[in-house]
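# Observations on the model geometry
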Amino acid sequence: MKYSAFALLREAFRGHRGWTPAWRKAEPKPHYDVVIIGGGGHGLATAFYLATEHGITNVAVLEKGYIGSGNAGRNTTIIRSNYLLPGNEPFYEWSMKLWEGLEQNLNYNAMVSQRGVLNLYHSDAQRDAFARRGNAMRLHGVDAELLHRDGVRRMVPFLDYDNARFPIHGGLLQRRGGTARHDAVVWGYARGADTRGVDIIENCEVTGLSIVNGRVTGVDTTRGTIRAKKVAMAVAGNTSRVAALAGLRLPIESHVLQAFVSEGIKPAIDCVVTFGAGHFYISQSDKGGLVFGGDIDGYNSYAWRGNLPIVEDVLEEGMAIWPGLGRIRMLRFWGGLMDMSMDGSPIIDRTPVDGLYLNAGWCYGGFKATPASGWCFAHLVARDEPYPVAAALRLDRFATGALIDERGAGAQPNLH
Amino acid sequence: MRINCPYCGPRGNEEFAYLGDATVRRPDPAAEDAAAQFYEYVYLRDNPAGSHRELWYHGGGCRSWLVVTRNIRTHEISDVAFADAGDKP
Amino acid sequence: MAAASVIARRGKADACAAAITAHYGVTLPTGPRRAASGDVVFAGVGPWRWIATAEGADAAEFVAQLRERLVFVAAVTDQSDARLVVRLRGPRVRDVLAKGVPVDLHPRAFKAGDVATTLVAHIGVQIDMLDDGPTYLIAAPRSMAGSFWSWLTASAAEFGYDVSRS
Amino acid sequence: MSGTHRLQSGGLIDRGKPLSFSFDCESHAGFAGDTLASALVANGVKLVGRSFKYHRPRGIFTAGSEEPNALVELRGGVRREPNTRATVTELYDGLIAASQNRWPSLRHDIGAVNDRLSRFLVAGFYYKTFMWPAKFWELLYEPLIRRAAGLGRAAGAEDPDIYEKAFAHCDVLVIGAGPAGLMATLAAGRTGARVILADEDFRLGGRLLAERCEIGGRPAVDWVAEIEAELAAMPDVRIMRRTAVTGVYDHGQYSAIERVNDHVATPPEHEPRQRSWKIVAKRAVLAAGAHERAIAFGNNDRPGVMLAGAARTYVNRFAAAPGRRLAVFTNNDDGPRTAADAREAGIEVAAVIDSRTGARVTRVRGRHGVRLIDVADADGRTSTIECDALAVSGGWNPAVHLTCHLGGKPVWNDEIAAFVPGALPPGMTVAGAAAGALTLARCLGGGMTAGVTAAAACGFAIAAITQPRADDEGAAVTAMWHVKDSRGKAFVDLQNDVTTKDVALATQEGFGSVEHLKRYTTLGMATDQGKTANVLGLAILAQASARAIPQVGTTTYRPPYVPVSFGAMAGHHRGRDFRPTRLPPSHAWATEQGAVFVEAGAWLRAQYYPRAGEADWLKTVNREVAATRAHVGVCDVSTLGKIEIEGANAGVFLDRVYANTFSTLPVGKARYGLMLREDGFVMDDGTASRLAPERFFMTTTTAQAVRVMQHLEFCHQVLWPALDVQMVSVSEQWAQFSIAGPRSRDVLAKLVDADLGDAAFPHLGCREVTACGVAARLFRLSFSGELAYELAVPARHGDATIRAIMAAGAEFGITPYGTEALGVMRIEKGHVAGNEINGQLTARDLGLGRMMSTKKDFVGRVMAQRPALLDPERPALVGFKPVDGARRLRAGAHFLKIGAGATAENDEGYMTSVAYSPMVKSWIGLGVLRRGPERIGERVRAYDPVRNGDVEVEVTSPIFVDPEGARLHG
Ligand SMILES: Cc1cc2nc3c(=O)[nH]c(=O)nc-3n(C[C@H](O)[C@H](O)[C@H](O)COP(=O)(O)OP(=O)(O)OC[C@H]3O[C@@H](n4cnc5c(N)ncnc54)[C@H](O)[C@@H]3O)c2cc1C
Ligand SMILES: NC(=O)c1ccc[n+]([C@@H]2O[C@H](COP(=O)([O-])OP(=O)(O)OC[C@H]3O[C@@H](n4cnc5c(N)ncnc54)[C@H](O)[C@@H]3O)[C@@H](O)[C@H]2O)c1
Ligand SMILES: Cc1cc2nc3c(=O)[nH]c(=O)nc-3n(C[C@H](O)[C@H](O)[C@H](O)COP(=O)(O)O)c2cc1C
Ligand SMILES: [Zn+2]
């Protein structure tokens, strides 16, 4: 059923009896052309584009909990394409382009809001590093503006310009960046894929991979064995565990990242701001909560929750740039599991096992990638060759040295 | 999280820096397949969802590198030992 | 105050302890404790690592003598200028320190003679408990003296405090 | 007498201390001991706020921190505090509060039109619309939605109050000071254990303050006073009032917020407003009580509808009557008790509607306050009852929150029709109502046992204690969630305006997982986190989807237990105290000189030293460079990381951590060293000097000092523990000054006692000297390319030494220079620094490939040989000069071939550092360019669109000044 203002109006007068489930509660079939493991944004987008771009609809998305129960449902919703390196930038820009038409494409309002992403800089060296990045973006045809202090002040006058430990010198602004409603992205893709015949199977955990003669033939799940010609992993924080089912070791560690939301307040900040002398980012949701976060906790974890030091750090940093937050209260915080790769960039590639594909290494930045990740992964799975903008996101780059290390932090996941 | 440093006693994890997997061993650079071995050493991780031996540095305290055995699912710590096991000559 | 870091050489921990006992008449602590003989104090700050201090001594002389006495058994490095040292005393000292010191300073947990190296207000410090006054010594890095002082005075303001130099 | 609804007698208020306050500009009176909510109740104020979505009139619903409705803007101006619960706000004289989310006034709120439009504004309506035309989201729809967002308004200015953090340690932490918590504290305290008792209320006693019950034959509040006195006398028991435990973390860590001065208009001088506690406890006893829950029926959100327990609290504790004629709607034994308490206080009871008899309330009437209720009985007979308040009890939910913060899941208990704690955090036990023991005697007994057990687990011998006598009150409950024949909206979540219909619709649309339900309807996502709503919501979901409640389960409980201010969590660490500032030894002197300072990591360094008449910083820096190159300059370089490395294997160790060789370095010499990460990229550079056969002195860059020290300790303790190496940071010990320029030797000759001739002290020499009378170290090192020295003195002499250097240098025209001039001179010499050592470049990229020894192992050696890192197409370091000498260069520009389009494919590298060189008389730059070293002499574009720059540059050698190094020798 098509969503529209008209449909809403009609249903309002019929007591909303006509609405049907956004996606079916599908039962697993014995065999699929493609099984996608992971009902997060990436897995569902992959299914959607397999159906819409490649005509492959005999597809199941297997999700161990409820769809969106992973990082898709717990991120700070920032979307942007302000990357530095040629291996990343075209990919994220493709994602941004897909965001820009997403809602019409999905017939679902995901509240994509291009309110601007402003990265503050606090020193000349940082300004130059941001200029390097901004220039790289411009070379890719992406919007980027370098603001001086005054420009920043006009946008966000309430930050601390006079008494800060690390004074604000300026910022790198991507106006097309912004936020999107995370859950709606999941539900929108799920509905879109479901409408086109994809089975979305919740509460179905993959517990084994059947591999015969180096080729994947199916998966074992908590709801039985399912055969498949191809199996595509998009399980984010659980990547190492699922890959281990195929005997693979990966350049990935699972780390916890916490996110925070404040009590709802009247509009106070209308863009996304990040602090450059620490690790803090903040925006305001359309409901009024300030959504903010900081660094990862910094140790391996599968616990879906973090610890107090980062909580304190994040709130200290918030106060440091925005002293008016003193009397605003945080309401809730939670953790997600980051699939931190060793160079901080993602992997969309085949694996040494035939028919088994890998989509992982999203670190704390994969929400913005959701559309392009789905698009490129679908292309890879359908055609067995990478989509051009994702061609650098290879698994063998760690062995060859063709790393994509935006931060220059080296092979230490907790520093990316 | 609190890590019971064998020298300092229990301290909050904010005093420590984390490095990662303590089970990997720096390979012999002279080995014939040193490149492959170093690739594994530097990049590949088991990343298990259970017991994990890992390196922490007590930079905010006694400056010891420690091997902490910790359950990655529950964060329960079962053992902490100096990485440098003893004053061996 | 003269101060030096003393690190036993590999395999020489016992010899180092023996030399210190011989020359200074103290038993070198193996953990985070201090041992004093007259004005000379050895405070454990890490495995096989101590900070030796001497109240009122000439830094260069103290360090040179220490190095000579511990030659081949320990590395001795002058730290006399590396630290700001404050001495805190008074009935509310523990309440002041609780505002930044993460270590349990309750008399059952931290006694006269105990030492801790830790972070206070993001600053690495060494805390020694001298007596049940209670009196504490806190050494903070010289370059961060201003920030440390800012934290200390802010934390003590509620109770009121006096400052004196020594 | 204060207030129309104040009872004549009773209550735990201090009638001797009247207070005045205002709500929405209207003044009222209350007493010490009141909360804002109780004072409003006592004044007959029913309408206190508007709901989030529909702007429905709302009143006071609870008497605790679980309040969903009575949120106000407290105080004003820079202290304005939105969304403050009136129910936990202690009344003080002069308190000012205002209602929120309404315009133009609370009574007449335009937003209330949403209530009329509610049939369109159902759960998730916005996902289904606002999509066309695409551009209109940001332009029109979103601004409209955002305007409606949120409840209160932030102050919008810096918070003037101070905040603190503090640590506490104990054997046993008791959370909650009701009967269970008090007994637990007493039992543990008597054993001699260190106990902390924390309660978010300003008065100990928990529900005992709210009920008319007896303990040991006396009024319970007297018993509380007695226990309180005994606890206060125990030296190792600490009672923390106004302190909410907000989170549980790994290994016995708890966070708590103490509202030190929220009960006064402004905090006394030097006192914080709030204090954030980090409590480390070996054991914890959770005695947090239980929250009463609502029942869904028509217009159950009207002002005057209140939880029954809260009604008793207002009557018994605060002597405030929720109404003159009270009706009670209940599914458990609390109903009759509420009626009895009301009657005892002289309040008329209109009816007790007990669902266990089949009776139910189907609708409340009266927009701004209850006027009538429609009631149906088991046989379907309906009647209308006149009343001005309705107390509702849907049963009690144990406050399981803190048991869940480490991942524990509560389990369903049929007997009390509620979730009780499941798996507990290590070290925690639960007692009293929080454990599902909803009656008094059981709370006392459970608390006592928990206290004894916890202390015993910490090694304390059990002390004599007996359980005081008390009666278990009736607590029978028969679950009843939703009055199906309700008329009007039946609310589940009051603050977020989630109705039973929304729950049904979400189920119909497939959002039937309890977590999906929450996210689709926003149930339980408001400031109260659904404390009174969640269980009701999931029970209705269970009914709607024909499942049992345990099958549905709860959503995840997350910290904080109650919302926590940014200020409290930041404590002292805000403004300039956000992070420590490091000052080099010459700071005071540089300040006197009028230096301009710059942040360099944690350090504040002199950037340049302007003189009167200099138009801009560039003039100043040019002067500093020119003077240094012509005469002599001095710069404080104490910020470098400095490490002393000693031991029989110190040389071998350095060979392994540096790419080049150090074991062969003679005593008295220094060498430039390059350090790689194990992945083969450059990590840091610096120098190491051999002070003695077994003693080296290493310097690192300022930025990497901490990381390098950690890395060296790793290499030693983890990789090669057998080596005899001892190392220690001496960064703080030494003040170090670079004295550079042709006259530097002359200056030093006046200060040090050594022979500085080239033969005795050649380039890269190092030795111990006496300078200005103190033992010092002198290094002949040059970052500037000039004849130059670094003089190190113990830091206490740093200030005197810089003054002595300046005095000695006066006759040679000595000029202090800052980090800018330092940068200019190193760029002129092509020395790499932080901008080049950016973690993305290899030694080969930086033209330092030959420093990588082939004769030994070192960290990074193997991985540096990966094929992609040996690719000759990789950008490599070269210098750049504008073709038009007047043009300015900027770091961060990218290189394009002349004539090539500005596209990513044509991107050939980037500029890393630039400076204006007074020597070259133009801007110069360093950067990495594809095959750079092969292209010297070629012209390329330095393209910088973010700063509107596009400069044609010539590729040059990275060394601009004195490529032969002649100046090094003076
Ligand atoms: C706190 C936080 C903040 C973040 N902020 C941002 C941000 O602002 N911007 C941004 O771009 N990115 C952000 N991210 C990162 C982003 O959320 C993730 O990178 C991205 O969502 C990952 O892709 P996904 O949506 O497919 O993953 P997920 O949603 O985690 O999907 C993986 C799914 O796989 C399922 N699964 C796992 N194992 C199995 C199995 N064996 N069988 C079946 N199913 C399985 C999981 O249950 C899960 O639902 C943030 C992440 C977190 C946690
Ligand atoms: N009849 C019934 O149905 C019924 C139901 C529930 C409770 N009760 C009665 O209520 C009482 C329950 O006793 P109890 O001791 O278990 O609980 P309590 O409700 O008396 O006390 C709990 C205390 O914990 C505090 N608290 C809660 N969470 C906190 C936190 N995170 N941090 C700090 N403080 C926190 C509260 O402020 C409160 O003072 C008994 O008297 C019982 O008879 C009766
Ligand atoms: C962008 C965003 C906004 C959120 N806003 C709220 C909110 O207003 N109220 C709330 O209770 N939780 C909010 N949450 C947090 C969720 O309740 C939940 O904690 C999070 O999705 C993680 O799931 P979990 O806590 O169930 O594990 C928000 C989460 C996100 C990602
Ligand atoms: Zn330690």
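Residues numbered from 1 in each chain as written. Chains lettered and ligands numbered in written order. Predicted model: local features only at pLDDT ≥ 70, side-chain atom pairs only at ≥ 80, totals over all residues. Heavy atoms only, no water.

## Structural notes on the packing of helix 4 (residues 179-190) of chain D against helix 5 (residues 220-232) of chain D
All names here are of chain D. In the contact formed by helix 4 and helix 5, the axes pass within 10 Å of each other and the chain directions differ by 30°. In terms of orientation, helix 4 and helix 5 fall into the roughly parallel class. When you trace helix 4 past helix 5, the crossing you get is left-handed. Two secondary-structure elements touch here, helix 4 through Pro179, Leu182, Met183, Thr185, Leu186 and Arg190 and helix 5 through Trp223, Val224, Ile227, Glu230 and Leu231. (Axes fitted to C-alpha atoms, helices over the stretch in contact; angles between N-to-C directions. Helix = DSSP H or I, 4+ residues; strand = E, 2+ residues; numbered from the N terminus. Parallel < 35°, antiparallel > 145°, perpendicular 65-115°, else oblique. Left-handed = near helix turned anticlockwise from the far one by under 90°. Contact = heavy atoms within 4.5 Å.)

## Topic: the domain arrangement of chain A
Residue and element names in this part refer to chain A. By domain assignment, chain A separates into domain 1 (24-78 + 84-107 + 182-251 + 343-415) and domain 2 (112-176 + 254-341). Taking only C-alpha atoms, the centre of domain 1 and the centre of domain 2 are 27 Å apart. Contact between domain 1 and domain 2 buries roughly 3000 Å² in total, counting both sides, with carbon and sulfur atoms accounting for 58%. The tally of links between domain 1 and domain 2 comes to 2 salt bridges. Linking Glu100 and Arg176 is a salt bridge whose minimum nitrogen-to-oxygen distance equals 2.9 Å. Within the residue set of the side of domain 1 that touches domain 2, elements represented by two or more residues are helix 3 (89-106) and helix 7 (239-244). (Domains from an automatic or database assignment. Buried area = accessible area lost by both parts, 1.4 Å probe. Salt bridge = Lys/Arg side-chain N within 4 Å of Asp/Glu carboxyl O.)

## Looking at the interface of chain D and chain A
At the interface, 120 residues of chain D touch 115 residues of chain A. Both sides together, the interface formed by chain D and chain A hides about 10000 Å², and carbon and sulfur atoms give 55% of it. At the junction of chain D with chain A, the criterion picks out 14 salt bridges. Where Asp313 of chain A meets Arg579 of chain D, a salt bridge forms, and the shortest distance between an N and an O atom there is 3.2 Å. Our count for the chain D to chain A interface comes out at 71 residue pairs in polar contact (both at pLDDT 80 or more). Of the residues that constitute the side of chain D that touches chain A, the class distribution is 51 nonpolar, 32 polar and 37 charged. Bridge analysis of strand 16 (residues 329-341) of chain A against strand 30 (residues 564-565) of chain D gives 2 bridges, and the strand direction is antiparallel. Across the sheet, the residue bridging to Arg329 of chain A is Ser565 of chain D, located in strand 30 of chain D. (Polar contact = N/O pair within 3.5 Å; in protein donor to acceptor, adjacent residues only side chain to side chain. Nonpolar A, V, L, I, M, F, W, Y, C, P; charged D, E, K, R; others polar. Pairing = 2+ DSSP bridges.)

## Focus: the coordination of the zinc ion (ligand 4)
Residue and element names in this part refer to chain B. On the protein side, the zinc ion (ligand 4) has Cys5 (SG), Cys8 (SG), His58 (ND1) and Cys62 (SG) as donor atoms, found 2.0 to 2.5 Å from it. Coordination at the zinc ion (ligand 4) is tetrahedral, judged from the 4 donor atoms that bind it and the angles of 102 to 121° they form at the metal. Mapped onto the sequence, the donors of the zinc ion (ligand 4) take the spacing C-x2-C-x49-H-x3-C. Given a relative accessible area of 14%, Cys8 falls into the buried group. (Donors = N, O, S within 2.8 Å, 3.2 Å for Na, K, Ca; no water. Tetrahedral: all angles 85-135°; square planar, octahedral: opposite > 155°, others 65-115°. Buried < 20%, exposed > 50% of the residue type's maximum accessible area, 1.4 Å probe, protein only.)

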